[in-house]
Amino acid sequence: MIRNYFKIAWRNLRKHKFYTLINVFGLSLGIGCGIILFQFITYHFSFDTYHHDAKQVYKIVTNLHLPDGGIENEQGSPLVLGKVLKNDISQIKDQAALLRMHDATITIPQTGKTNAQLFAEHENIALTDKHFFSMFDYEWEQGDKNNVLTEPNTVVLSHNLVQKYFGSQDAIGKTIKVDSKNTFKIVGIVKDHPANTDFKTDIFLSLSSLKLMNPEWEQQMQTDWGFINSTTATFVLLPEGLSAGKVNAELTTIVKRYTGDRASVFEFKLQPLHEVHFDGRYSGVIQKSLLVTLGIIGLLLIVIACVNFINMATAQSFKRAKEIGTRKVLGSTPSAIFFQFIAEMASITFFAALLAILWVLITLPIVNTWLQTNLTLNFISSPKLILFVLILLMFIILAAGFYPALILSRFKPVNALKNQLNQSTQSAGFGRKSLIVVQNIIAQVLIISTILIAMQVKFLKTADLGFSKNAVLVLPVPDNAKTKTNFLRNRLLAYPGIKDISFCYRPPASTADKGGSIKYESRSWEKFIGKTIIGDAGYVKTFGIQLIAGRNIIESDTAKEYLVNEKLVQKLGLKDAQQIIGHRFAAGDISDQQGIIVGVVKDFHSKSLYTAIDPQYISSLRSGYQYMGVKINSNESSAVIDQIKKEWQSVYPDNVFEYHFLDEQIADFYQKEDLLNKLIKSSTIIAIFISCLGLLGLISLLTLQRTKEIGIRKVLGASVVHITALLSVDFLKLIIIAVIIASPVAWLIMSKYLQDFAYRIDIQWWVFALAAIIAILIVFVTVSFQSIKAAMANPINSLRNE
């Protein structure tokens, strides 16, 4: 019986090739998008879930309670906290620390050669100890995870870096040099970390080496509860009987015990390992809400494709009425007819799934480039993917096949043979119109969202940041000794293509977030935080920051000078920028160092546009210089960069020359918005395309139903324009209804999305008008194509055929 169902289904599908192709093609696009989005979502939800104790591992994060009542979230925690917790809460099974380094130059000594090999590493080097390896799962190729990194100047490398540094040689026992200062002996090799981890470390230096690498900071890092930054991560492993809530409560008591009066400032809490990837407050990579949104979009694309099948199946009902009537007269039951149409839907879905897999295989390389992922389509190694596809196909078969099968199986044989199906076709017609409205509401919301997200991304990338970002190179400064920086500055400024140079901690609009309490004149320490910007006297000119009062700072080894921004003047309660010039100022973030305010700069964005401009101050601090900004003549960039490289390497011969443009760094801030823009834009194009396919098939069927009417109208003198309008107007009415419903829905969704930005576009009325015009034009072109074809047909042939 089942075999017979599919045999007849195949025969019917071949008979109606045009409509079969439309359904298969539309469904394949929806299924393909669903598979890609499923892989993308499951990829992100798999981050760091593979560790054997993943459910019991927690990262300690920090909330800093400011005097003015605000809270600053920090992903790091003080190094001292982990050890104190382990000692004071005996139930804690283990604790570990991971101190990340942003950049490092690795030197590989060469036996018998004068020139050593140099490698630049970024964001993949950290200090830790054996406790980290007992808490997190790494596959060891060589070495003992229970007894590594116990001694200073030891290192564990990943397989990939061993191949990069030493090729096929045995690396155990060999040495590497970090930043041309400290030599480390290789004591272990681990396999490369998987892509789905937030701890992408390839070089593990022993934590006991901290004193040798940073002797001036080591003691403070080990003991100071206020030494908190984003690069210091502390982890604890809890037993199954101990809840995170209980530890958080005990943390409050511990902080009071060790920090005394400062306890009200610090709030430390445990963050589950599986939340690290998603919590945006603590530098999470992607928010769960975005993944949920993408999942909904994938489902809606499937729904749009299902609507196409339902509409065309119900529209075809008059053509299949005699077939159904004949079957019933010959003894076929409603249930048999029902399952016959379900078999047809299953056949279409099967072919659509095969085509979808082909789409996915073709587009995955492009998608991986877009999403910066490494998604694959491997059914053998992914039982979740197999289960998802099976559930998805069953959902499509039932969702798209149930209603048409139910309608068609209920035809009465006498009426079906006479083509008297008025009540059924009227009911189906109303349902069909409702589905067209729903389908286009989805497409319209996506169109509006695409326009607004594209506008917001453009705004983020082109907004006036209050400084110049064009033609500015940013280079690392391996050694900030005065003799070296002054020599390099003088050499570079001798070239006509170089306009200005500044040595600084970070250029404007970076991810750095330095700051602390500030003191103005004889007043008490202010209740708000001042953000620290470390830069030399060339900082303002190099980065094009506008000085609106006073003068620029002058570097000095004795007297300290400060520039402040307009926001800080305002927060101090002063109305005029000139009032603050010449007054004393102290910065807690720069060792409470007293100085004089010599100038006021116009507000500029030192961070991304997600956050509002903070009260800021600029001051020189040689020990803090880590980067150099170079303003160049953009017309001679290639030649100038070559000159910069030559001079830079003459000063730092033991380091790798690297640079990036400031505008590229700023663009990187908005990768998430770019990603969302690409995904929504792609989904919108696919949704529109699927909808147009459905409308094309539907107008073709409805035109066929009205062949006799069209012929009579033409004989009576109706023009092509009149008949085209007659056939198109019903669809356009439905689109207008969809636009009216979709506009407020899209406004609510996008208003909530834009609230995440401190600086954002306004939602203008013309966006909805433009989206409506786009939707109406697309539908009109799609419907008119078939309508004009029908209107231009010879009426004699139409009437003779009828």
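Cut-offs used in this document
Residues numbered from 1 in each chain as written. Predicted model: local features only at pLDDT ≥ 70, side-chain atom pairs only at ≥ 80, totals over all residues. Heavy atoms only, no water. Helix = DSSP H or I, 4+ residues; strand = E, 2+ residues; numbered from the N terminus. Buried < 20%, exposed > 50% of the residue type's maximum accessible area, 1.4 Å probe, protein only. Areas by Shrake-Rupley, 256 points an atom, 1.4 Å probe, with all protein chains shown as cover. Phe/Tyr/Trp six-rings, centres within 6.5 Å; stacked < 30°, edge-to-face > 60°. Lys NZ or Arg CZ within 6 Å of the ring centre and 35° of its normal. Arc of directions from axis to C-beta. Contact = heavy atoms within 4.5 Å. Expected span 1.5 Å × (residues − 1). Pairing = 2+ DSSP bridges. Axes fitted to C-alpha atoms, helices over the stretch in contact; angles between N-to-C directions. Parallel < 35°, antiparallel > 145°, perpendicular 65-115°, else oblique. Nonpolar A, V, L, I, M, F, W, Y, C, P; charged D, E, K, R; others polar. Salt bridge = Lys/Arg side-chain N within 4 Å of Asp/Glu carboxyl O. Polar contact = N/O pair within 3.5 Å; in protein donor to acceptor, adjacent residues only side chain to side chain. Left-handed = near helix turned anticlockwise from the far one by under 90°.

> Just give me the short version of the overall build of the protein, but keep the residues and values in it.
Looking only at helices and strands, the protein has 24 helices and 22 strands in total. Buried residues in the protein amount to 51% of all 802 residues. Looking at the protein as shown, the accessible area adds up to about 37,400 Å², and 57% of this sits on carbon and sulfur atoms.

> Report on the packing of aromatic side chains, specifying residues and quantitative values.
For any two aromatic rings, the description comes down to two numbers: the centre-to-centre distance and the angle of the planes. Overall, the coordinates contain 35 aromatic pairs when judged by the stated rule. Their ring planes at 80 degrees and their centres at 5.5 Å tell us that Tyr138 and Phe204 sit as a pair that is edge-to-face. Of the two residues, Tyr138 is situated in the loop between helix H4 (130–135) and strand S5 (140–142) and Phe204 in strand S9 (residues 203–206); the sequence distance between them amounts to 66 residues. When the ring of Tyr562 is compared with that of Tyr617, the centres are 5.9 Å apart and the planes differ by 75 degrees; the resulting orientation is edge-to-face. Of this pair, Tyr562 sits in strand S17 (residues 561–565) while Tyr617 sits in strand S20 (residues 616–619), and the two are 55 residues apart along the sequence. We classify Tyr562 as buried; its relative accessible area is 0%. Positioned above the aromatic ring of Tyr505, the side-chain terminus of Lys514 is 5.3 Å from the ring centre.

> Give a detailed account of the environment of Ile773, specifying residues and quantitative values.
One can find Ile773 in helix H23 (residues 765–791). Residues Ile773 and Ile736 lie 37 residues apart in sequence; the distance between their C-alpha atoms is 9.8 Å.

> Go over helix H5 (residues 159–166) with me, naming the residues and quoting the values.
It helps to recall that an α-helix has 3.6 residues per turn; residues three or four apart then point in one direction. Residues of H5 that are buried include every one of Leu161, Val162, Tyr165 and Phe166, and no others. For H5, the arc enclosing every buried residue in end-on projection is 105 degrees, short of the 170-degree limit, so these residues lie on one face. Where the residues of H5 are buried, they touch strand S3 (94–108), strand S4 (117–128), strand S6 (154–158), strand S7 (175–178), strand S8 (182–190) and S9. In the stretch just after H5, Gly167 is the one whose phi turns positive, near 65 degrees.

> Describe helix H8 (residues 244–259), with residues and values.
Here H8 spans 22 Å end to end across 16 residues, near enough to the 22 Å set by a 1.5 Å rise per residue. Every buried residue of H8 is accounted for by Ala244, Val247, Leu251, Ile254, Val255 and Thr259. Buried residues along H8 cover an arc of 105 degrees about the axis, so they all sit on one side. Among the exposed residues of H8, those oriented more than 90 degrees off its buried face are Lys256 and Arg257. Along its buried surface, H8 packs onto strand S1 (57–65), helix H3 (79–88) and strand S11 (266–272). Count one or two residues on from H8 and you reach Gly260, which has phi positive near 60 degrees.

> Tell me about unusual backbone geometry, residues and numbers included.
In this structure, Leu149 takes a positive phi of about 60 degrees despite not being glycine. Inspection of the secondary structure puts Leu149 in the loop between S5 and S6. A positive phi angle is found at Asn153, which is not glycine, with a value near 60 degrees. Examined against the element boundaries, Asn153 turns out to sit in the loop between S5 and S6. Since its relative accessible area comes to 22%, Asn153 is described here as partly exposed.

> Please give an account of the sheet that holds strand S22 (residues 660–661) that cites residues and values.
Strands sit in the order S13-S21-S12-S22 across an open sheet of four strands; the sheet is antiparallel. Of all strands in the sheet, those bounded by a partner on one side alone are strand S13 (498–504) and S22. Here strand S12 (residues 472–476) runs beside S22; their pairing, made up of two bridges, is antiparallel. Bridge assignment links Val474 to a residue of S22, and that residue is His660. Helix-sheet contacts for helix H15 (residues 482–493) involve S13 and strand S21 (627–632), and the interaxial angle to S13 is about 165 degrees.

> Just give me the short version of the packing of H3 against helix H7 (residues 215–223), but keep the residues and values in it.
The interhelical angle for the contact between H3 and H7, taken along N-to-C directions, is 40 degrees, at an axis separation of 5 Å. Judged by the angle between their axes, H3 and H7 are oblique. Residues Leu79, Val80 and Lys83 of H3 pack against Met221, Gln222 and Thr223 of H7. For the contact of H3 with H7, the class distribution of residues is three nonpolar, two polar and one charged.

> Pulling in residues and values, what's your account of the pattern of salt bridges?
Counted according to the given criterion, the structure contains 17 salt bridges. Put simply, Glu121 and Lys164 hold a salt bridge, and the shortest N to O gap is 2.9 Å. Residue Glu121 is found in strand S4, and its partner Lys164 is found in helix H5; the two are separated by 43 residues along the sequence. Assessed through its relative accessible area of 5%, Glu121 is described here as buried. Taking the shortest distance from any N to any O, the salt bridge between Asp614 and Lys607 comes out at 3.4 Å.

> Would you mind going over the environment of Phe351 in detail, with residue names and values included?
Residue placement: Phe351 occurs in helix H11 (residues 334–371). Each C-alpha atom of the pair Phe351 and Asn23 lies 10.0 Å from the other, and the pair is 328 residues apart in sequence.

> Let's hear about the environment of Ser619: which residues, and what values?
Note that Ser619 resides in strand S20. Counting along the chain gives 32 residues from Ser619 to Ala587, while the straight-line C-alpha distance between them is 9.7 Å. Excluding its chain neighbours within four sequence positions, the residues that come into contact with Ser619 are Ile533, Ile534, Gly535, Ile553, Lys560, Glu561, Tyr562 and Ile590. In terms of polar contacts, Ser619 uses its side chain to reach the side chain of Lys560, at 3.4 Å. Only 3.0 Å separates the side chain of Ser619 from the backbone oxygen of Glu561, close enough to count as a polar contact.

> Any details on the side chain of Glu561? Residues and values, ideally.
For Glu561, the position within the fold is in strand S17. Classification of Glu561 as buried rests on a relative accessible area of 14%. A distance of 2.7 Å separates the side chain of Glu561 from the side chain of Arg551, its partner in a polar contact. Apart from the residues within four sequence positions on either side, Glu561 is in contact with Arg551, Asn552, Ile553, Ile554, Ile596, Val598, Ile618 and Ser619.

> Any details on the packing of H3 against H8? Residues and values, ideally.
Between H3 and H8, whose axes approach to 11 Å, the crossing angle comes to 110 degrees. By the angle between their axes, H3 is roughly perpendicular relative to H8. Note that H3 runs across H8; the crossing there is right-handed. Contacts between H3 and H8 involve Leu81, Val84, Leu85 and Asp88 from the former and Leu251, Ile254, Arg257 and Tyr258 from the latter.

> Before we move on, could you go through the side chain of Ser606 and cite the residues and values that matter?
Topologically, Ser606 is positioned in the loop between strand S19 (593–601) and S20. Among the residues examined, Ser606 registers a relative accessible area of 15% and is labelled buried. The residues contacting Ser606, other than those within four sequence positions of it, are Pro508, Ala509, Ser510, Ile533 and Gln616.

> So, the pairing of S19: which residues are in play, and what are the values?
Of the strand pairs in this sheet, strand S16 (residues 547–550) and S19 are connected by three bridges, and their pairing is antiparallel. Looking at the pairing, Gly550 lines up with Gly599 of S19. Taken together, strand S18 (residues 584–587) and the strand that follows it, S19, pair antiparallel across an intervening segment of five residues, in which Ser591 is found at a positive phi of about 55 degrees.

These values are about where atoms sit, not about what they do.
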